[in-house]
Amino acid sequence: MILGIGTDLIEVDRIRRALENPRFRQRVYTPGEQRYCIERGAQGNESFAARFAGKEAVLKALGTGLRGGTLQEIEILPDELGCPQVRLSGQLDRTAAAKGVRRIWISLSHTARYATAQCVMEGDG
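Bear in mind that the values here come from a model prediction, so they are computed numbers and not experimental data. (Residues numbered from 1 in each chain as written. Predicted model: local features only at pLDDT ≥ 70, side-chain atom pairs only at ≥ 80, totals over all residues. Heavy atoms only, no water.)

(A) Structural detail: the packing of helix 3 (residues 31-39) against helix 4 (residues 44-62). Contact pair helix 3 / helix 4: the axes reach a minimum separation of 7 Å and the direction vectors enclose 145 degrees. Every pair of crossing elements has a handedness; the one defined by helix 3 and helix 4 is right-handed. Residues E33, Q34, Y36, C37 and I38 of helix 3 form the contact with helix 4, whose own contacting residues are G44, S47, F48, R51 and K55. Each residue belonging to the contact of helix 3 with helix 4 can be placed in one class, and the counts come to 4 nonpolar, 3 polar and 3 charged. (Axes fitted to C-alpha atoms, helices over the stretch in contact; angles between N-to-C directions. Helix = DSSP H or I, 4+ residues; strand = E, 2+ residues; numbered from the N terminus. Left-handed = near helix turned anticlockwise from the far one by under 90°. Contact = heavy atoms within 4.5 Å. Nonpolar A, V, L, I, M, F, W, Y, C, P; charged D, E, K, R; others polar.)

(B) Structural context of the UniProt feature "binding site: Mg(2+)" (unreviewed entry) in the chain. Cross-referencing UniProt, the feature "binding site: Mg(2+)" (unreviewed entry) maps to D8 and E56 in the present numbering. In terms of the greatest pairwise C-alpha distance, the residues named above, spread along 49 residues, form a tight cluster of at most 6.2 Å across. Summarising the element assignment, D8 is placed in strand 1 (residues 2-11). Non-local contacts of D8, meaning those with residues more than four positions away in its chain, are made with A53, E56, A57, K60, A115, T116 and A117. Here K60 takes part through its side chain, which lies 2.9 Å from a polar atom of the side chain of D8. Relative to the assigned elements, E56 resides in helix 4. What makes E56 partly exposed here is its relative accessible area of 24%. (UniProt positions renumbered as here; feature names shortened; annotations may be inferred. Polar contact = N/O pair within 3.5 Å; in protein donor to acceptor, adjacent residues only side chain to side chain. Buried < 20%, exposed > 50% of the residue type's maximum accessible area, 1.4 Å probe, protein only.)

This is how it looks when you write it as structure tokens:
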């Protein structure tokens, strides 16, 4: 059963500018996400932007916004085949569990100018 859907679109340049402030990077991205995006080299800003859009899409699918949680409680990293996977922790994980969420599907995409994400939450409801 689908419990929620969310989508987001962001300008890569907006995230590039925000990343000039180290506190933004520390507040939004987990250490693993930071390593992954930095390792992407020339496409690092696009990867950061796609993950930001992904976090926003997850919050929209959850239907609660960021109430009581932080953006670092949403981690989006690729599996061994490169497919992005969402891992929730803290308050956001507890909220998802209370809503009956059993699986989170996410798709990320970007161009040089824009990044987008779509999220579907599946579960018992």
